[in-house]
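Each chain is listed here by its residues.
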Amino acid sequence: MREAVFLLSLSLCPALQFKCESVPAHSIPLSLSLSLSLSLSLVLKMSLNMVVVLCFSLFAMAAVAEDPYRFFNWNVTYGDIYPVGVRQQGILINGQFPGPDIHSVTNDNLIINVFNSLDQPFLLSWNGVQQRRNSFEDGVSGTTCPIPPGGNFTYILQVKDQIGSFYYFPSLAFHKAAGGFGGIRILSRPRIPVPFDDPAGDYTVLIGDWYKFNHTDLRAILDRGSRLPFPDGILINGRGSNGESFNVEQGKTYRLRISNVGLENSLNFRIQNHNLKLVEVEGTHTVQTTYSSLDVHVGQSYSVLVTADQPAKDYYIVVSSRFTSTVLTSTAILRYSNSAGPVSGPPPGGPTIQIDWSLNQARSIRTNLTASGPRPNPQGSYHYGLINTTRTIILSSSAGIVNGKQRYGINSVSYVAPDTPLKLADYFKIPGVFRVGSISDRPTGGGLYLDTSVLQTDYRAFVEIVLQNEEDVIQSYHLDGYSFFVVGMDGGQWTTASRNEYNLRDAVSRSTTQVYPKSWTAIYIALDNVGMWNLRSEFWARQYLGQQFYMRVYTTSTSIRDEYPVPKNALLCGRASGRHTRPL
């Protein structure tokens, strides 16, 4: 209707057409122009004043018809990379490793055309982008058919009602170990106040552990039923120690968007002689707490402000592993424009195995209740702590040997991907692909077994999920499609009495959370996004070997107000092959 109004305004107002250059051409479908007709006699009967008034009214309606579109054409290829001093087969996007940043603004439509020039099926997923009502575009094996070698697929995403720092990554096979990842930033709309002054610069900082082995070798180790060895190093924006630098001017403040895109390790981030002021976590403005260093667990994203307030020289940026007996360290350079000399002395040390230090830091990260989010209203206006939960789900991780091979699971189920994406099977009502209730909402205490695990939940329910970690390693979990409130975390076994220590006022809202060894983390989620959503370990070997499942947020409604239909350009595979998407 809005598109029709726009065309009608142009047909009546040729003098106004010059004002419409900013409206994207694709927002005016040719088929729509053919279907529009206006009686000439009606136009002739209108007075000039009536036409002018109608013109401006229709143009005003058209001007707000659609949010802006941003177009990306990406070619995914193999290429030689040398991040830790040896040649490896990397995954490049438009020849870049890491891939190009996505810059966007709240509510932008992102049209990302991906050409797969690899010799394997490929998918990209968008860590933290919520895909409102549209899990078809989520880019994981349970929702989206892979792009075949030599093929292409156009993702149609909207960063609806979101701000903040996120990243994208390849979700199939073990491609994440070869690259293919990049930063995503979603800026606030111009009239929405941001709780800090515009920085002098805005940098993406992708950190992560790395192996000298090619991704195919790492996958083969897992397929044989073995565990991966310890990583060989840490990368900062795809480079090893001192391979990356960030330029600053003395006295100015800069924003660093830090994402841990690695495979396993929690990492500590710090800058020699400089403080880090935390301002945003995965789309939530935070209380602006200052830290000397920051733990960034695998899969997580943080924004910090750094002021160049030290004597003019070069300083170490240090990233080191946490909770490991062998500490991996990598460095980059913070370089003042008027630097009087290179870095000197050893890189500053950081925390290593101290769990309490990290736990206390995590508890100190809270939502800025007076800041606006994507809309011009305080983030604290949603009083999650006053809503009664309708269901409690307890999820416990486990590791074990199944059929002679190493596997990982949740509530005793080790996930096995079916031959057809779960979302397509659900949409087309294809039987035999999955069954609802194939994973319990409580730990069973039984041995690990294989299944295609799907947990049924209800649309608009408000649920409590407890992530229980009985193991001696730190865990990290991500939920697609949502941002949840991290209301509590502590050591030991969770009980109902643990609710007494929940933060029900200003808990941070995010999409990835850590669970410390022999500990628990509790989250609250308002299930307001219909779809099939992946809940997974961000330890990529564990995810690959079954520590994940899909949460089916279900409603009987078929209204597009609740969920979009399958995209017209959706790839169809497995038992969905030969089906038809929506008519063009």
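Check the entry above for the structure.
Residues numbered from 1 in each chain as written. Predicted model: local features only at pLDDT ≥ 70, side-chain atom pairs only at ≥ 80, totals over all residues. Heavy atoms only, no water.

Chemist: Tell me about the overall build of the protein chain, and please be specific about residues and values.
Modeler: When helices and strands are tallied, the protein chain shows eight helices and 33 strands. Expressed as a percentage of the 584 residues in the protein chain, the buried residues total 56%. The long-range share in the protein chain, meaning contacts at least 24 apart out of those at least 6 apart in sequence, stands at 78%. (Helix = DSSP H or I, 4+ residues; strand = E, 2+ residues; numbered from the N terminus. Buried < 20%, exposed > 50% of the residue type's maximum accessible area, 1.4 Å probe, protein only. Contact = heavy atoms within 4.5 Å.)

Chemist: So, the sheet that holds strand β19 (residues 314-321): which residues are in play, and what are the values?
Modeler: Across the sheet, five strands lie side by side as β11-β20-β19-β13-β17; this open sheet has mixed pairing. At either margin of the open sheet sits one strand with a lone partner, and together these are β11 (245-248) and β17 (293-296). On average, each strand axis in the sheet is tilted by 20 degrees relative to the strand beside it, whichever way the strands run. Bridge analysis of strand β13 (residues 267-271) against β19 gives five bridges, and the strand direction is antiparallel. Of the residues in β19, the one forming a bridge with Leu 267 is Ser 321. Helix α6 (residues 355-364) contacts β13 and β17 of the sheet and is inclined by roughly 90 degrees relative to β17. (Pairing = 2+ DSSP bridges. Axes fitted to C-alpha atoms, helices over the stretch in contact; angles between N-to-C directions.)

Chemist: Mind laying out the sheet that holds strand β27 (residues 475-479), listing which residues take part and the relevant values?
Modeler: Read across the open sheet, the five strands follow the order β25-β33-β32-β27-β30; overall the sheet is mixed. Taken across any chain shown, the strands that pair with only one partner, and hence form the sheet edges, are β25 (454-458) and β30 (512-515). Here the strands of the sheet are splayed against their neighbours by 25 degrees on average, with no regard to which way each runs.

Chemist: I'd like to hear about empty space enclosed by the protein, residue by residue, with values.
Modeler: Enumeration according to the criterion identifies six cavities of 30 Å³ or more in this entry. There is about 80 Å³ of room inside the largest cavity. Lining the largest cavity are 13 residues, with Phe 181, Gly 208, Asp 209, Trp 210 and Val 261 sitting closest to its centre. Looking at the lining of the largest cavity residue by residue, the class counts come to eight nonpolar, three polar and two charged. Of the voids in this model, the second largest cavity is the one considered here, and its volume is about 70 Å³. Along the walls of the second largest cavity sit Phe 136, Glu 137, Thr 143, Thr 144, Cys 145, Phe 153, Leu 424, Val 566, Pro 567, Ala 570 and Leu 571, which together make up its complete lining. When grouped by side-chain class, the residues that make up the lining of the second largest cavity number eight nonpolar, two polar and one charged. (1 Å grid on protein atoms, 1.4 Å probe; cavity = no way out; pocket = protein on both sides within 12 Å on 5 of 7 lines; lining within 4 Å. Points joined across faces, edges and corners; volume = space filled by probe spheres on them. Nonpolar A, V, L, I, M, F, W, Y, C, P; charged D, E, K, R; others polar.)

Chemist: Please provide a residue-by-residue account of the packing of aromatic side chains, values included.
Modeler: All told, the structure shown has 25 aromatic pairs when counted by the stated rule. Look at Tyr 69 and Phe 71: their rings are 6.3 Å apart centre to centre, the planes differ by 20 degrees, and that puts the pair in the stacked class. Relative to Phe 246, the ring of Tyr 203 lies with its centre 5.3 Å away and its plane at 75 degrees, an arrangement referred to as edge-to-face. You can see Tyr 203 sitting in strand β9 (residues 201-210) and its partner Phe 246 sitting in strand β11, a full 43 residues away along the chain. By relative accessible area, Tyr 203 is classed as partly exposed at 24%. In this structure Phe 246 comes out as buried when scored by relative accessible area, which is 3%. Among the aromatic residues, those joined into a ring-pair cluster are Phe 72, Trp 74, Trp 126, Phe 153, Tyr 155 and Tyr 168. The ring centre of Tyr 315 lies 5.0 Å from the NZ or CZ of Lys 313, which sits over that ring. The lysine or arginine in question, Lys 423, covers the ring of Phe 136, its NZ or CZ lying 5.4 Å from the ring centre. (Phe/Tyr/Trp six-rings, centres within 6.5 Å; stacked < 30°, edge-to-face > 60°. Lys NZ or Arg CZ within 6 Å of the ring centre and 35° of its normal.)

Chemist: Can you lay out helix α5 (residues 215-223) for me, pointing to particular residues and giving the numbers?
Modeler: All of the buried residues in α5 are His 215, Leu 218, Ile 221 and Leu 222. Each buried residue of α5 sits inside an arc of 120 degrees when the element is viewed along its axis, so together they form one side. Turning to α5, the residues buried within the fold contact β1 (69-81), β2 (88-93) and α8 (540-544). Just downstream of α5 lies Gly 225, where phi reads positive at about 95 degrees. (Arc of directions from axis to C-beta.)

Chemist: Could you give an account of α6, with specific residues and numbers?
Modeler: When α6 is considered as a whole, its buried residues turn out to be Ser 358, Leu 359, Gln 361 and Ala 362. All buried residues of α6 project into a common sector of 160 degrees when viewed along the axis, lining one side. Elements in contact with the buried residues of α6: β16 (290-291), β17, β28 (484-491) and β30.

Chemist: Residue-level account of the nonpolar core, with values.
Modeler: Core analysis: the largest hydrophobic core is formed by 65 residues, its most contacted members being Phe 269 and Ile 525. Here Phe 269 is in contact with Val 205, Leu 256, Ile 258, Leu 276, Ser 293, Leu 294, Ile 317, Val 318 and Val 319, once residues within four sequence places are set aside. Counting 26 residues, the second largest nonpolar core, distinct from the first, contains Phe 72, Tyr 168, Leu 172 and Ala 178. (Core = buried A, V, L, I, M, F, W, Y, C linked by side-chain atoms within 4.5 Å.)

Chemist: Report on the environment of Thr 513, specifying residues and quantitative values.
Modeler: By the element assignment, Thr 513 lies in strand β30. A residue is classified by how much of its surface remains accessible, and Thr 513, at 1% relative accessible area, is buried. C-alpha separation for the pair Thr 513 and His 478, spaced 35 residues apart in sequence, amounts to 6.7 Å. Those residues within four positions of Thr 513 in sequence are excluded, and the remaining contacts are Gln 300, Leu 467, Gln 475, Ser 476, Tyr 477, Phe 484, Val 486, Met 489, Thr 521 and Ile 523.

Chemist: Could you give an account of the side chain of Asn 368, naming the residues involved and the relevant values?
Modeler: With respect to the element layout, Asn 368 can be found in the loop between α6 and β21 (391-402). Among the residues examined, Asn 368 registers a relative accessible area of 13% and is labelled buried.

Chemist: Help me get a handle on the pattern of salt bridges, residues and values and all.
Modeler: All told, the structure shown has 29 salt bridges when counted by the stated rule. A salt bridge links Arg 375 to Asp 161, with the nearest nitrogen and oxygen atoms 2.6 Å apart. Of this pair, Arg 375 sits in the loop between α6 and β21 while Asp 161 sits in the loop between β6 (152-158) and β7 (164-170); the two residues are 214 residues apart in sequence, bridging distant segments of the chain. Classification of Asp 161 by relative accessible area gives partly exposed; the value is 26%. (Salt bridge = Lys/Arg side-chain N within 4 Å of Asp/Glu carboxyl O.)

Chemist: I'd like to hear about the pairing of strand β18 (residues 301-307), residue by residue, with values.
Modeler: Of all seven residues in β18, six are buried; the element is thus mostly enclosed. For strand β14 (residues 276-281) and β18, the ladder comprises four bridges, and the chain directions are antiparallel. By the bridge assignment, Lys 277 is partnered in β18 with Leu 305.

Chemist: An account of the pairing of β11 is requested, with residue identities and associated values reported.
Modeler: What you see with β11 is a clean split: Phe 246 and Val 248 sit on the buried side and Ser 245 and Asn 247 on the side with no burial. One ladder, built from four bridges, connects β11 with strand β20 (residues 329-336); its direction is parallel. Directly across from Asn 247, in β20, lies its bridge partner Arg 335.

Chemist: Could you give me a rundown of the environment of Ser 396, with the residues and numbers involved?
Modeler: Along the polypeptide, Ser 396 turns up in strand β21. Taking relative accessible area as the criterion, Ser 396 reaches 10% and is therefore assigned buried. Distance from Ser 396 to Gly 445, taken between C-alpha atoms, is 9.4 Å for residues 49 residues apart in sequence. In contact with Ser 396, other than residues within four places in its own chain, are Gly 409, Ile 410, Asn 411, Pro 443, Gln 468 and Glu 470.

Everything listed here is a matter of coordinates, which is why it stays silent on function.
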